[in-house]
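If you want the building blocks of each chain, they are given just below.
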Amino acid sequence: FWLKVMTTPARDARCVCLVGPHGSGKSKLAETILGVSGAVDEPSELQRSAQYASATGKDAQGSLPLNIVDAPGHAGFLPEALSSMVMADSTLVVVRAHQLTLRSAVFVRLLRQAAGHRHAVMLVFNAFDLALEQLHIGAQAPSDFWETATAIVEQANTVLHANADDVVSPEIRPANGDLLLSSARDQWAFSLPDLARVLAPRFSMTPEAWLEASWPLGEECRFLELALAPLLELRQACDSGGDELRHFVSGLAGGGSPGLEIEAVLSSDLQSGAQIFASLLATWFPIAPCFVDRLRQLPCPADAQQLRGDILYPGPVDDSAALAIQRCDPDGPAMFYVARLMPVHRSQAARMWAFGRVFSGTVNAGLEVRSIPEIGRAPPGLAPKAIGGVGVLDAFGKIRSVNSKLPVGTWAAILGVEAIVSTPGTLTTCASQDTMPITPPLRRGPSATVSVRVRPETPGELPRLIEALKKLTRSDPQARTVAEDTGGHSVVAGSHVHVKACVEEVRSYLETPLHCDPVVVSYSETCTAESPCLAVRTPNNHNEFQFKTKPLHAGFAADLENQILDPVSCTSMKILADRYDWDPADGSAALWAFGPARTQANTLVCNDRHQYLWEIKDHGVAAFQWAVTQGPLAEQEIRGCRFTLQNTHLFADAIHRGAGQTVSTFRKGLWATFLAAEPRMLEPMVLASVKVPTADVAALLEALAAADGRVEWQQTDGDTEILEALLPMVEVDALLEAVSFPEAEILFREWKVVEGSPWDSESVSGQLCTELRRSRQIDTIVPTWESLGVKMVEQ
């Protein structure tokens, strides 16, 4: 099978992202749609990373080119799911119809991101066949299902409205077809307008009147009477078969309409009522035409970019690149967003496809492009490069080389530029150095990290391991690798499941045995009191810095991590004073930097006005970043601290206050004031949402108690139990090993202060510091501020 390449005009295609919690069936749904469309023979297994595919779907109106991204549903890969939504213009949120629940953090985070991207949003109740089967056998009351379903839609609309802006206000309106009820297993799906055409004659109503009565927003709904009850009657008639089923069908859509013929179904080899019911619905509502018809109502790239242009491009709105993106201009400058670098072949680590989307212009082999650095990063200083080749996706998710020009709106892959771009990145033909990169809003929220140290079987394979780690960071933007001072190498990711998947990917690249140490959870360090003013002198005794440290406002670090507060807006003294009790006397110009780069959860403030101070500002900021990235307690990141440079004494001759004198001294002063501010360790806590059979609840509660966790919410759903528990992140692996449950959402929740002083060897905090320092092969004794050679300044 050879798929027609995706080189269609921007107005003819649809770019859609399928998202949903783990186990919602979205991957099966996507594969079934593509399989029925003739794109694949067998559905592939769920992959850990976002899976991109292109195909041509068909309905009564003809063919519709589709670009589909199946975002990973596991909570451990949530950042990748959020990033993959950049490539799409619309979002389909998939949930399980037979196990609807209002308490899903993944569901809420995905909706927040969709609203931030100004996506058109549709909701899919997948596995609706299982929900109907539960209602048929009496395992659930129809009224209970209806209450939960309406609550899900209302919750989705509440989240969308809360995170939308004044330009677009997305809303899920079931009567307009924004809600799909599907069964990927039985290959049928329908929206309320589809159901209205079949069921409305049974109630002597027009389809419009049926829709108006079935699910009007904010009014009395008759969905149970008009939709759910007839479907359950049909299910009962399928059990009875014969004349009863014929009599029921005779009242649907006039009784004799094509597509409602049941004789072929009754004469088949189907035995059970469930099989007859599934066959009838698959005949009346085939899944592929239904989804293609609904996707046709979603915005095309040209319409979507007109709405999203100002949030995709952070530069001036009258910039040539901004205008080209907003107009989806095929004749404008090429603006290509790189979402991921994909290896051409696993045996060729150097050659990689730069996969992404053409937001303006066209791309083709031989076109010369340059890379635009990310905001806040220095230019790479690399010359433009010519594109070596272009390719498009097929329905298998494989890249096929083509020799044509790829127009705006296309998901494309290009060769020969991997040396000048990273992910996410932007390639352009604009000659102006003022052109900004495509920077979509990513609302990822706070997170902790886990890491694992890797090493090859023999020292001679170390160069191959380094190449494999480089390949991992290029193909997976959410993973990081760290070369430690001791010579070791670590893989860092956002969750246990993600870091383990990264290790397996490195193994596949290396193709030789790989040894791994146990997974290590990252902790943080913080201060709990205000320190005295401490002075530190440079080695040449010509310069002196005086520092103080105190905790930040409780919500300041959290708002920075949640991206509620932008560091750029922090220059507004009014915002800082009103929200976070910032001292107006400090002045906004005194705020030097945020750090570390990953979380930006600390601040460096300068209260001095020395005439030479601005000459050493870059040295001070570099030392600050160094100090908060590796704290003095256990070389963990510092969080929630405000470091203040109170006073300076600088030598007049610049040669005596260079980086060699100031950087290490500045860092030592910051560490000393931190150690004098009653420092404590912070432990990451996760919220585990678990669904287990009722018989396994006792074992789960016992495992939670052993893991120092506590149950925050519990609900019985038939023969299953749903629990939400808060537990330390370090205990996640032990919990998963103690109790086997496939349906679990584990998300970072908060930082918790570890009890005890880090200098008390008998306390939990002291033992933790000793263990972490030993693992990093440094002295196990935590330093004190007096041991750093600083002196206290009388205020």
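The model shown is predicted, which means the values in this text are computed figures rather than measured ones.

Undergrad: Just checking my understanding: could you explain the overall build of the protein for this structure?
TA: For the protein, the count of helices and strands is 23 helices and 32 strands. Across the 795 residues of the protein, 54% fall into the buried class. Excluding contacts between residues fewer than 6 apart, the proportion of contacts in the protein whose partners are at least 24 apart in sequence is 73%. A total accessible area of about 33,100 Å² is found for the protein, and carbon and sulfur atoms account for 50% of it.

Undergrad: Explain the state of the cysteines here, please?
TA: Note on terminology: a disulfide is the covalent bond linking the sulfur atoms of two cysteines. On inspection of all chains with the given rule, the structure shows zero disulfides. This cysteine, Cys641, is not joined by any disulfide, and Cys527 carries the nearest cysteine sulfur, 3.3 Å off.

Undergrad: Hey, could you run me through the packing of aromatic side chains in this one?
TA: Using the criterion set out here, one finds 17 aromatic pairs in the structure. The structure contains a cluster of three or more aromatic residues connected by ring pairs, namely Phe128, Phe145, Trp188, Phe190 and Phe285. Sitting over the ring of Tyr612, Arg657 keeps its end group 4.3 Å from the ring centre. One Lys or Arg, Arg667, reaches over the ring of Trp671 and ends 3.9 Å from the middle of that ring.

Undergrad: Where do I start with the confidence of the model for the protein in this structure?
TA: Low pLDDT means the predicted atomic positions in that stretch should not be read closely. Counting all residues, the mean pLDDT for the protein is 81, and 85% of those residues have values of 70 or more. Contacts from residues 1-8, a stretch scored under 50 in pLDDT, to residues over four places away or in other chains number 26 contacts.

Undergrad: Sorry, what's going on with the pairing of strand S28 (residues 679-693) here?
TA: The side chains of a regular strand alternate between the sheet's two faces. Counted residue by residue, S28 has 13 buried out of 15 residues, so it is predominantly covered. In the sheet, strand S21 (residues 524-527) pairs with S28 via four bridges, with the strands oriented antiparallel. Looking at the pairing, Ser524 lines up with Leu682 of S28. Two elements, S28 and strand S30 (residues 720-728), share nine bridges in a ladder whose sense is antiparallel. Directly across from Pro693, in S30, lies its bridge partner Thr720.

Undergrad: Just checking my understanding: could you explain helix H5 (residues 142-163) for this structure?
TA: Every α-helix winds through 3.6 residues per turn, so residues three or four apart in the chain are directed the same way. Here H5 spans 32 Å end to end across 22 residues, near enough to the 32 Å set by a 1.5 Å rise per residue. Looking only at H5, the buried set comprises Phe145, Trp146, Ala149, Thr150, Ile152, Val153, Ala156, Asn157, Val159, Leu160 and Asn163. Tucked inside the fold, the buried residues of H5 contact helix H3 (105-116), strand S5 (120-126), helix H4 (128-137), helix H7 (207-214) and helix H8 (223-240).

Undergrad: What is the right way to read the sheet that holds strand S22 (residues 534-537) from this model?
TA: By way of backbone hydrogen bonds, the strands of a sheet pair with one another, either parallel or antiparallel. The mixed open sheet is built from six strands, whose spatial order is S24-S25-S27-S23-S22-S32. Taken across any chain shown, the strands that pair with only one partner, and hence form the sheet edges, are strand S24 (591-595) and strand S32 (791-792). Where strand S23 (residues 544-551) meets strand S27 (residues 641-649), eight bridges bridge the pair, whose relative direction is antiparallel. Among the inter-strand pairings, Phe545 is bridged to a residue of S27, identified as Thr648. Taken strand by strand, helix H20 (residues 659-675) contacts S22, S23, S24, strand S25 (602-606) and S27, and its axis lies near 35° from that of S23.

Undergrad: Explain the nonpolar core here, please?
TA: Buried together is how nonpolar side chains tend to be arranged in soluble globular proteins. The biggest cluster of nonpolar side chains holds 95 residues, and the ones touching the most others in it are Tyr52, Leu123, Phe125, Phe128, Leu132, Trp210 and Leu234. Judged by nonpolar contacts, the second largest core, of 43 residues, contains Leu613, Val663, Leu670 and Cys769.

Undergrad: What should I look at first to understand the side chain of Thr662 in this one?
TA: Tracing the backbone through its elements, the reader meets Thr662 in helix H20. Owing to a relative accessible area of 1%, Thr662 belongs among the buried residues under this scheme.

Undergrad: What is the right way to look at the packing of H8 against helix H9 (residues 242-250) in this model?
TA: Relative placement of two packed helices is described by the angle separating their axes and the distance separating the axes. Taken N-terminus to C-terminus, the directions of H8 and H9 make an angle of 155°; their axes are 7 Å apart at the nearest point. Taken together, the axes of H8 and H9 lie roughly antiparallel to each other. Considering the relative orientation of H8 and H9, their crossing is left-handed. Counted together, Pro230, Glu233, Leu234, Ala237, Cys238 and Ser240 of H8 and Gly242, Glu244, Leu245 and Phe248 of H9 form the full contact between these two elements. For the contact of H8 with H9, the per-class residue count stands at six nonpolar, two polar and two charged.

Undergrad: Explain unusual backbone geometry here, please?
TA: Working note: non-glycine residues mostly have negative phi, and peptide bonds are mostly trans. Here the residue pair Gly595 and Pro596 is connected by a cis peptide bond, since its omega of -5° sits within 30 degrees of zero. Residue placement: Pro596 occurs in the loop between S24 and S25. For Ser204, which is not a glycine, the phi torsion comes out positive at approximately 55°. You can call Ser204 exposed: its relative accessible area is 72%. Even without being a glycine, Asp708 presents a positive backbone phi close to 60°. Mapped onto the secondary structure, Asp708 falls in the loop between helix H21 (697-706) and strand S29 (710-717).

Undergrad: Looking at this structure, I do not really get the pairing of S30. What am I missing?
TA: Burial analysis of S30 places nine of its nine residues in the buried class, the great majority of the element. Neither face of S30 is left uncovered, since the one carrying Thr720, Ile722, Glu724, Leu726 and Pro728 and the one carrying Glu721, Leu723, Ala725 and Leu727 both have all their residues buried.

Undergrad: Sorry if this is basic, but what is going on with the environment of Leu110 here?
TA: Topologically, Leu110 is positioned in helix H3. Judged by its relative accessible area of 2%, Leu110 is buried. C-alpha of Leu110 to C-alpha of Val93: the two residues are 17 residues apart in sequence and 7.9 Å apart in space.

Undergrad: Explain the side chain of Asp129 to me, please; I cannot follow it from the model alone.
TA: For Asp129, the location among the structural elements is in helix H4. Judged by its relative accessible area of 8%, Asp129 is buried. Not counting residues up to four positions away in its chain, the partners in contact with Asp129 are Ser182, Ser183, Arg185, Asp186 and Trp188.

Cut-offs used in this document
Sequence positions are assigned chain by chain, starting from 1 and proceeding in written order. Given that this is a predicted model, residues contribute local features only at a pLDDT of at least 70 and side-chain atom pairs are listed and counted only at 80 or more, while totals for whole chains, interfaces and linings are drawn from all residues. Hydrogens are left out, water is left out, and the side-chain values use all remaining heavy atoms of the structure. Secondary structure elements follow DSSP: runs of H or I no shorter than four residues count as helices, runs of E no shorter than two count as strands, and numbering proceeds from the N terminus. Categorising residues by exposure relies on relative accessible area from a 1.4 Å probe, with only protein chains included: less than 20% of the type maximum marks a residue as buried, more than 50% marks it as exposed, and the intermediate range marks it as partly exposed. Contacts: residue pairs with any heavy atoms within 4.5 Å of one another. Each accessible area is a Shrake-Rupley result for a 1.4 Å probe, and residues are judged covered by the shown protein chains and nothing else. In this description, the term disulfide denotes a pair of cysteine sulfurs within 2.5 Å. Under the pairing criterion, centres of Phe, Tyr and Trp rings, with the six-membered ring standing for Trp, must be within 6.5 Å; the plane angle then separates stacked pairs below 30 degrees from edge-to-face pairs above 60, leaving the rest tilted. Either the NZ atom of lysine or the CZ atom of arginine qualifies as a charge over a ring when it sits within 6 Å of the ring centre and within 35 degrees of the ring normal. The predictor's confidence in any single residue is recorded as pLDDT, a number from 0 to 100. DSSP calls a pair of strands paired once it identifies at least 2 bridges connecting them. To estimate the expected span of a helix, count its residues, drop one, and scale the result by 1.5 Å. Here the axes come from fitting lines to C-alpha atoms, over the contacting stretch only for helices, and the angles between their N-to-C directions go from 0 to 180 degrees. Buried Ala, Val, Leu, Ile, Met, Phe, Trp, Tyr and Cys residues that are joined via side-chain atoms within 4.5 Å together make up what is termed a nonpolar core. Note on terminology: angles under 35 degrees are roughly parallel, angles over 145 are roughly antiparallel, angles of 65 to 115 are roughly perpendicular, and the others are oblique. For any helix crossing, the convention is left-handed if the near helix is rotated counterclockwise from the far helix by under a right angle, and right-handed if that rotation is clockwise. Following the grouping adopted for this structure description, the nonpolar residues are Ala, Val, Leu, Ile, Met, Phe, Trp, Tyr, Cys and Pro, the charged ones are Asp, Glu, Lys and Arg, and the polar ones are all others, Gly among them.

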